[in-house]
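# Structure assessment
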Protein chains: 2
Amino acid sequence: MSDDPDHALGTVVADYVAAWNSADESDRRALLERSFAADGRYLDPTARIEGREALVGHARRFATRWPGAVIERTSAVDVHGDGACFTWRVCGPDGVTVHEGIDVVIAGPDGRLREVRGFFGAYRSPYPSPR
Amino acid sequence: MSDDPDHALGTVVADYVAAWNSADESDRRALLERSFAADGRYLDPTARIEGREALVGHARRFATRWPGAVIERTSAVDVHGDGACFTWRVCGPDGVTVHEGIDVVIAGPDGRLREVRGFFGAYRSPYPSPR
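Residues numbered from 1 in each chain as written. Chains lettered and ligands numbered in written order. Predicted model: local features only at pLDDT ≥ 70, side-chain atom pairs only at ≥ 80, totals over all residues. Heavy atoms only, no water.

Residue and element names in this part refer to chain A. Of all nine residues in strand S1 (residues 36–44), seven are buried; the element is thus mostly enclosed. In this sheet, strand S2 (residues 47–50) lies alongside S1 in antiparallel orientation, the contact comprising four bridges. Each residue of the ladder has a partner; that of Tyr42, found in S2, is Ile49. Turn length for the S1-S2 hairpin, with the two strands adjacent in sequence and antiparallel, is two residues. (Buried < 20%, exposed > 50% of the residue type's maximum accessible area, 1.4 Å probe, protein only. Helix = DSSP H or I, 4+ residues; strand = E, 2+ residues; numbered from the N terminus. Pairing = 2+ DSSP bridges.)

Dropping the structure here:
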(Lines give C-alpha, C1' and ligand atoms only; values in the text may rest on other atoms or scores of the structure.)
Protein backbone atom coordinates (compact mmCIF):
# COMPACT_ATOMS: atom_id res chain seq x y z
CA MET A 1 0.00 0.00 0.00
CA SER A 2 1.39 3.39 -0.91
CA ASP A 3 1.99 6.08 1.69
CA ASP A 4 -0.27 8.28 -0.42
CA PRO A 5 -3.77 7.30 0.69
CA ASP A 6 -5.39 8.64 -2.46
CA HIS A 7 -3.08 6.66 -4.66
CA ALA A 8 -3.65 3.57 -2.51
CA LEU A 9 -7.42 3.83 -2.80
CA GLY A 10 -7.13 4.22 -6.57
CA THR A 11 -5.11 1.00 -6.72
CA VAL A 12 -7.61 -0.79 -4.49
CA VAL A 13 -10.47 0.30 -6.75
CA ALA A 14 -8.57 -0.94 -9.81
CA ASP A 15 -8.16 -4.36 -8.19
CA TYR A 16 -11.79 -4.34 -7.13
CA VAL A 17 -13.06 -3.63 -10.65
CA ALA A 18 -10.63 -6.18 -12.10
CA ALA A 19 -12.11 -8.81 -9.77
CA TRP A 20 -15.53 -8.33 -11.37
CA ASN A 21 -13.98 -8.76 -14.79
CA SER A 22 -11.96 -11.83 -14.00
CA ALA A 23 -13.09 -15.03 -15.66
CA ASP A 24 -11.01 -17.14 -13.28
CA GLU A 25 -12.27 -17.92 -9.78
CA SER A 26 -8.86 -17.91 -8.10
CA ASP A 27 -7.90 -14.61 -9.78
CA ARG A 28 -11.23 -13.14 -8.70
CA ARG A 29 -10.68 -14.22 -5.11
CA ALA A 30 -7.05 -13.01 -5.06
CA LEU A 31 -8.10 -9.58 -6.38
CA LEU A 32 -10.84 -9.29 -3.76
CA GLU A 33 -8.44 -10.43 -1.03
CA ARG A 34 -6.29 -7.43 -1.95
CA SER A 35 -9.13 -4.95 -2.34
CA PHE A 36 -12.16 -5.95 -0.23
CA ALA A 37 -12.33 -6.51 3.53
CA ALA A 38 -13.12 -10.04 4.72
CA ASP A 39 -16.22 -8.64 6.47
CA GLY A 40 -16.97 -5.94 3.89
CA ARG A 41 -20.47 -5.14 2.64
CA TYR A 42 -21.66 -4.70 -0.91
CA LEU A 43 -25.03 -3.06 -1.55
CA ASP A 44 -26.83 -2.19 -4.74
CA PRO A 45 -30.52 -1.88 -5.65
CA THR A 46 -30.70 -5.62 -6.32
CA ALA A 47 -28.24 -7.17 -3.88
CA ARG A 48 -27.00 -6.98 -0.31
CA ILE A 49 -23.85 -9.02 0.12
CA GLU A 50 -22.11 -9.55 3.45
CA GLY A 51 -18.46 -10.59 3.42
CA ARG A 52 -15.76 -11.13 0.84
CA GLU A 53 -16.49 -14.78 0.17
CA ALA A 54 -20.13 -13.98 -0.61
CA LEU A 55 -18.94 -11.26 -2.98
CA VAL A 56 -16.68 -13.73 -4.78
CA GLY A 57 -19.82 -15.77 -5.43
CA HIS A 58 -21.85 -12.73 -6.44
CA ALA A 59 -19.21 -11.63 -8.97
CA ARG A 60 -19.06 -15.20 -10.30
CA ARG A 61 -22.84 -15.14 -10.86
CA PHE A 62 -22.50 -11.81 -12.68
CA ALA A 63 -19.88 -13.32 -15.01
CA THR A 64 -22.12 -16.34 -15.60
CA ARG A 65 -25.26 -14.30 -16.21
CA TRP A 66 -23.65 -11.81 -18.55
CA PRO A 67 -21.00 -13.79 -20.42
CA GLY A 68 -18.44 -11.61 -22.15
CA ALA A 69 -19.63 -8.46 -20.39
CA VAL A 70 -16.99 -6.13 -19.02
CA ILE A 71 -17.26 -3.44 -16.37
CA GLU A 72 -15.39 -0.27 -17.32
CA ARG A 73 -14.88 2.79 -15.22
CA THR A 74 -16.31 5.82 -17.03
CA SER A 75 -14.86 8.45 -14.70
CA ALA A 76 -11.73 8.98 -12.70
CA VAL A 77 -11.69 7.58 -9.18
CA ASP A 78 -12.65 10.63 -7.14
CA VAL A 79 -11.00 10.15 -3.75
CA HIS A 80 -11.34 12.16 -0.60
CA GLY A 81 -10.54 10.91 2.85
CA ASP A 82 -11.36 7.22 3.17
CA GLY A 83 -14.04 7.38 0.48
CA ALA A 84 -14.15 7.49 -3.27
CA CYS A 85 -16.67 7.35 -6.06
CA PHE A 86 -16.54 6.58 -9.73
CA THR A 87 -19.00 5.92 -12.53
CA TRP A 88 -18.98 2.71 -14.53
CA ARG A 89 -20.71 0.95 -17.35
CA VAL A 90 -21.24 -2.66 -18.20
CA CYS A 91 -20.65 -3.25 -21.85
CA GLY A 92 -21.48 -6.40 -23.74
CA PRO A 93 -19.10 -8.27 -26.04
CA ASP A 94 -20.19 -5.92 -28.86
CA GLY A 95 -19.17 -2.84 -26.85
CA VAL A 96 -22.73 -1.64 -26.34
CA THR A 97 -23.53 -0.24 -22.88
CA VAL A 98 -26.06 -2.50 -21.18
CA HIS A 99 -25.97 -0.96 -17.71
CA GLU A 100 -24.35 1.97 -15.94
CA GLY A 101 -24.13 3.54 -12.55
CA ILE A 102 -21.96 4.97 -9.83
CA ASP A 103 -20.16 3.21 -7.00
CA VAL A 104 -19.30 4.82 -3.71
CA VAL A 105 -16.63 2.98 -1.73
CA ILE A 106 -15.35 3.40 1.81
CA ALA A 107 -12.01 1.98 2.88
CA GLY A 108 -11.27 0.46 6.25
CA PRO A 109 -8.13 1.09 8.31
CA ASP A 110 -6.03 -1.36 6.27
CA GLY A 111 -7.04 0.27 2.99
CA ARG A 112 -9.33 -2.52 1.81
CA LEU A 113 -12.92 -1.59 0.97
CA ARG A 114 -15.25 -2.09 3.91
CA GLU A 115 -18.33 -0.86 2.08
CA VAL A 116 -19.35 -0.53 -1.55
CA ARG A 117 -22.66 1.08 -2.49
CA GLY A 118 -23.71 0.94 -6.09
CA PHE A 119 -26.41 3.17 -7.55
CA PHE A 120 -27.80 2.44 -11.00
CA GLY A 121 -28.32 4.99 -13.73
CA ALA A 122 -26.30 7.60 -15.55
CA TYR A 123 -26.63 10.57 -13.20
CA ARG A 124 -26.58 13.07 -16.00
CA SER A 125 -27.66 16.48 -14.94
CA PRO A 126 -30.71 17.91 -16.70
CA TYR A 127 -28.92 21.25 -16.66
CA PRO A 128 -26.49 22.46 -19.28
CA SER A 129 -22.84 22.13 -18.47
CA PRO A 130 -21.43 25.05 -16.47
CA ARG A 131 -19.09 27.51 -18.19
CA MET B 1 -41.49 9.13 9.73
CA SER B 2 -43.39 7.13 7.16
CA ASP B 3 -43.56 3.34 7.29
CA ASP B 4 -42.15 3.40 3.80
CA PRO B 5 -38.41 3.73 4.37
CA ASP B 6 -37.77 4.99 0.82
CA HIS B 7 -40.35 7.71 1.19
CA ALA B 8 -38.97 8.62 4.61
CA LEU B 9 -35.42 8.96 3.30
CA GLY B 10 -36.69 11.16 0.46
CA THR B 11 -38.34 13.46 3.00
CA VAL B 12 -35.20 13.53 5.13
CA VAL B 13 -33.11 14.50 2.10
CA ALA B 14 -35.58 17.27 1.26
CA ASP B 15 -35.23 18.69 4.78
CA TYR B 16 -31.45 18.30 4.62
CA VAL B 17 -31.17 20.25 1.35
CA ALA B 18 -33.63 22.88 2.64
CA ALA B 19 -31.36 23.40 5.65
CA TRP B 20 -28.51 24.44 3.36
CA ASN B 21 -30.81 26.89 1.62
CA SER B 22 -32.25 28.44 4.74
CA ALA B 23 -31.24 32.03 5.43
CA ASP B 24 -32.43 31.79 9.02
CA GLU B 25 -30.28 30.15 11.69
CA SER B 26 -33.17 28.71 13.70
CA ASP B 27 -34.82 27.29 10.57
CA ARG B 28 -31.50 25.80 9.52
CA ARG B 29 -31.03 24.15 12.90
CA ALA B 30 -34.64 22.89 13.01
CA LEU B 31 -34.30 21.33 9.56
CA LEU B 32 -31.04 19.63 10.52
CA GLU B 33 -32.58 18.42 13.78
CA ARG B 34 -35.17 16.61 11.68
CA SER B 35 -32.78 15.32 9.04
CA PHE B 36 -29.24 14.91 10.45
CA ALA B 37 -28.09 12.84 13.42
CA ALA B 38 -26.67 14.72 16.40
CA ASP B 39 -23.40 12.81 15.92
CA GLY B 40 -23.59 12.60 12.12
CA ARG B 41 -20.61 13.20 9.84
CA TYR B 42 -20.39 15.36 6.76
CA LEU B 43 -17.46 14.89 4.39
CA ASP B 44 -16.61 16.55 1.11
CA PRO B 45 -13.31 17.28 -0.64
CA THR B 46 -12.93 20.50 1.33
CA ALA B 47 -14.55 19.79 4.69
CA ARG B 48 -14.87 17.15 7.37
CA ILE B 49 -17.60 18.06 9.83
CA GLU B 50 -18.39 16.06 12.96
CA GLY B 51 -21.81 16.51 14.54
CA ARG B 52 -25.00 18.37 13.76
CA GLU B 53 -24.09 21.58 15.53
CA ALA B 54 -20.85 21.85 13.55
CA LEU B 55 -22.85 21.31 10.36
CA VAL B 56 -25.24 24.13 11.31
CA GLY B 57 -22.16 26.37 11.43
CA HIS B 58 -20.76 25.00 8.18
CA ALA B 59 -24.04 25.63 6.34
CA ARG B 60 -24.14 29.13 7.82
CA ARG B 61 -20.65 29.81 6.46
CA PHE B 62 -21.77 28.55 3.04
CA ALA B 63 -24.72 30.97 3.07
CA THR B 64 -22.40 33.80 4.11
CA ARG B 65 -19.72 33.01 1.55
CA TRP B 66 -22.11 32.59 -1.35
CA PRO B 67 -24.92 35.05 -0.70
CA GLY B 68 -28.04 34.34 -2.72
CA ALA B 69 -26.76 30.96 -3.89
CA VAL B 70 -29.21 28.06 -3.84
CA ILE B 71 -28.57 24.33 -3.83
CA GLU B 72 -30.93 22.46 -6.14
CA ARG B 73 -31.21 18.74 -6.58
CA THR B 74 -30.59 17.85 -10.23
CA SER B 75 -31.67 14.21 -9.99
CA ALA B 76 -34.24 12.18 -8.17
CA VAL B 77 -33.26 10.85 -4.75
CA ASP B 78 -32.15 7.35 -5.60
CA VAL B 79 -32.83 5.27 -2.49
CA HIS B 80 -31.94 1.71 -1.71
CA GLY B 81 -31.71 0.26 1.75
CA ASP B 82 -30.48 2.83 4.24
CA GLY B 83 -28.58 4.77 1.57
CA ALA B 84 -29.42 7.22 -1.17
CA CYS B 85 -27.67 9.42 -3.66
CA PHE B 86 -28.62 12.44 -5.68
CA THR B 87 -26.89 15.02 -7.80
CA TRP B 88 -27.08 18.71 -7.07
CA ARG B 89 -25.93 22.07 -8.31
CA VAL B 90 -25.26 25.36 -6.62
CA CYS B 91 -26.67 28.19 -8.65
CA GLY B 92 -26.03 31.84 -8.09
CA PRO B 93 -28.69 34.54 -7.86
CA ASP B 94 -28.57 34.80 -11.67
CA GLY B 95 -29.37 31.08 -12.08
CA VAL B 96 -25.93 30.17 -13.39
CA THR B 97 -24.45 26.92 -12.09
CA VAL B 98 -21.37 27.68 -10.03
CA HIS B 99 -20.75 24.23 -8.59
CA GLU B 100 -22.17 20.72 -8.91
CA GLY B 101 -21.71 17.28 -7.50
CA ILE B 102 -23.26 14.20 -6.02
CA ASP B 103 -24.13 13.44 -2.40
CA VAL B 104 -24.30 9.97 -0.96
CA VAL B 105 -26.19 9.75 2.31
CA ILE B 106 -26.59 6.95 4.84
CA ALA B 107 -29.42 6.97 7.37
CA GLY B 108 -29.14 5.77 10.94
CA PRO B 109 -31.73 3.62 12.74
CA ASP B 110 -34.01 6.61 13.46
CA GLY B 111 -34.00 7.69 9.82
CA ARG B 112 -31.81 10.75 10.28
CA LEU B 113 -28.65 10.97 8.18
CA ARG B 114 -25.64 9.61 10.01
CA GLU B 115 -23.24 10.20 7.12
CA VAL B 116 -23.20 12.49 4.11
CA ARG B 117 -20.39 12.25 1.56
CA GLY B 118 -20.26 14.85 -1.14
CA PHE B 119 -18.23 14.44 -4.32
CA PHE B 120 -17.69 17.40 -6.60
CA GLY B 121 -18.10 17.40 -10.35
CA ALA B 122 -20.76 16.50 -12.87
CA TYR B 123 -20.18 12.76 -13.28
CA ARG B 124 -21.20 12.79 -16.89
CA SER B 125 -20.24 9.67 -18.71
CA PRO B 126 -17.92 10.14 -21.68
CA TYR B 127 -19.94 7.43 -23.44
CA PRO B 128 -23.08 8.04 -25.44
CA SER B 129 -26.34 7.34 -23.69
CA PRO B 130 -27.44 3.70 -23.91
CA ARG B 131 -30.42 2.88 -26.16
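Turning to the packing of helix H2 (residues 25–35) of chain B against helix H3 (residues 52–65) of chain B, a few remarks are in order. Residue and element names in this part refer to chain B. Two elements in contact, H2 and H3, have axes separated by 10 Å at closest approach and are oriented at 135°. Overall, the two elements H2 and H3 adopt an arrangement that is oblique. For the crossing formed where H2 meets H3, the hand is right-handed. Along the contact surface, H2 presents Glu25, Arg28, Arg29, Leu32 and Glu33, while H3 presents Arg52, Glu53, Leu55, Val56, Ala59, Arg60 and Ala63. A class-by-class count of the residues in the contact of H2 with H3 yields five nonpolar, no polar and seven charged. (Axes fitted to C-alpha atoms, helices over the stretch in contact; angles between N-to-C directions. Parallel < 35°, antiparallel > 145°, perpendicular 65-115°, else oblique. Left-handed = near helix turned anticlockwise from the far one by under 90°. Contact = heavy atoms within 4.5 Å. Nonpolar A, V, L, I, M, F, W, Y, C, P; charged D, E, K, R; others polar.)

Note that every value here comes from positions in space, so none of it alone points to a role or purpose.
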